[in-house]
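# Architecture and fold: a report
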Amino acid sequence: MIAPLEELVELLITLPTIGRKSAWRLALHLLDRPEEDVERLAQAIIDARKKIIKCGRCFMYSETDLCAICSSARRDRSLICVVEKSSDVLTIEKIGRYRGVYHVLGGVLSPLAGITPDKLRIAELAKRIAGEHPAELIIGLGGSAEAETTAVYLARLVRSAGVRVTRLARGLPAGMELEYVDQITLGQALNERTDIHYEEQD
Ligand SMILES: [Zn+2]
């Protein structure tokens, strides 16, 4: 009926966690806000999208070619923690205990959904391992079946490079994504990580 309003609602619905009801509430709220507030919000979205790129090494969001973690002299480059997405890096960083670096995979393997190794940043990880010779790869992918498949795939992949492959300790609830795990559990899981013995799972 009011075309621009409906257009706004339809666009808001495409955002994660926003259903039709929330989209309408947000759209009507925006209409009531002063015009300059809405302009600032719109500009902030455009700026973030334009200025934030992905780190050329770990693929975490960054303002510079190399992110703050990759370019820090205080991080231990012999430890690479493999995570699904950029927000997982922020989740682990919040605990403040991990001193290694990361690799953002961009998802987990799910052949049925068409997520094959070439869809993830696995080739980039293999290249990093060949160039950086880390001592340990920590698989921080959460507790889903797809995460497990991915962990075993990665363990096999780096086998010949002589890299120790560990996963976060078993305390993580099955099927749970990292962002929903409380900080104490995640901190413990990080400290008490275990080696992946993939031969046993054949
Ligand atoms: Zn980085």
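On a predicted model such as this, the values are computed, not experimentally measured, just so you know. Every chain begins its residue count from 1, and numbering advances along the sequence as written. In view of the model being predicted, local features appear only for residues whose pLDDT reaches at least 70, and side-chain atom pairs are presented and counted only at 80 or more, with totals across whole chains, interfaces and linings using the full set of residues. Only hydrogens and water are set aside; all other atoms, that is, all heavy atoms of the structure, feed into the side-chain values.

## What about helix H4 (residues 86-95)?
Relative accessible area decides the class of each residue, using a 1.4 Å probe on protein chains only: under 20% of the type maximum gives buried, over 50% gives exposed, and in between gives partly exposed. Each helix is a run of H or I in the DSSP string that is no shorter than four residues. Each strand is a run of E no shorter than two, and both are numbered from the N terminus. Listing the buried residues of H4 in full gives Ser86, Asp88, Val89, Thr91, Ile92 and Ile95. For this analysis, residues touch if any pair of their heavy atoms sits within 4.5 Å. Tucked inside the fold, the buried residues of H4 contact strand S2 (61-62), strand S3 (76-83), strand S4 (100-104) and helix H7 (183-191). Backbone geometry just after H4 places glycine 96 at a positive phi near 75 degrees.

## Quick word on the domain arrangement of the chain
How big an interface is tends to be stated in terms of the accessible area lost upon association of its parts. Note that the domain bounds reflect an automated or database-derived domain assignment. The domains assigned to the chain are domain 1 (3-51) and domain 2 (75-201). Between the C-alpha centres of domain 1 and domain 2 there is a distance of 35 Å.

## A word on the side chain of histidine 103
Inspection of the secondary structure puts histidine 103 in strand S4. Within the local environment of histidine 103, its side chain forms a polar contact with the side chain of arginine 128, the two groups lying 3.1 Å apart. If we ignore the near neighbours within four places in the chain, the residues touching histidine 103 are Arg57, Cys58, Phe59, Ile80, Cys81, Val82, Val83, Arg121, Glu124, Leu125 and Arg128. Here a polar contact means two N or O atoms within 3.5 Å. Within protein one must be a hydrogen donor candidate and the other an acceptor candidate, and residues neighboring in sequence count only if both atoms are side-chain atoms.

## Looking at the pairing of strand S6 (residues 164-167)
Across a regular strand the side chains alternate sides, sitting on one face of the sheet and then on the other. Pairing between strand S5 (residues 136-139) and S6: four bridges, direction parallel. Pairing of isoleucine 138 across the sheet is with threonine 166, part of S6. Between the parallel elements S5 and S6, the chain passes through helix H6 (residues 145-158) in a crossover that is right-handed. Pairing between two strands requires that DSSP report at least two bridges joining them. Note: S6 against strand S7 (residues 194-195), two bridges, orientation antiparallel. Its bridge partner being in S7, arginine 167 is matched across the sheet by threonine 194. A clockwise course of the path from the first strand over the helix to the second, judged with the strands pointing away from the viewer, identifies a crossover as right-handed.

## Let's talk about the pattern of salt bridges
Salt bridge, as used here, is a side-chain nitrogen of Lys or Arg placed within 4 Å of a carboxyl oxygen of Asp or Glu. Under the counting rule described, the total for this entry stands at nine salt bridges. Across the pair aspartate 88 and lysine 85 runs a salt bridge whose closest N-O atoms are separated by 3.6 Å. What makes lysine 85 partly exposed here is its relative accessible area of 24%. One salt bridge connects arginine 167 with glutamate 148, and the closest N-O pair in it is separated by 2.7 Å. Pair noted here: arginine 167 is in strand S6 and glutamate 148 is in helix H6, with a separation of 19 residues, a long-range link. Taking relative accessible area as the criterion, glutamate 148 reaches 24% and is therefore assigned partly exposed. Counted as one network, the salt bridges with shared partners bring together Glu136, Arg164 and Arg193.

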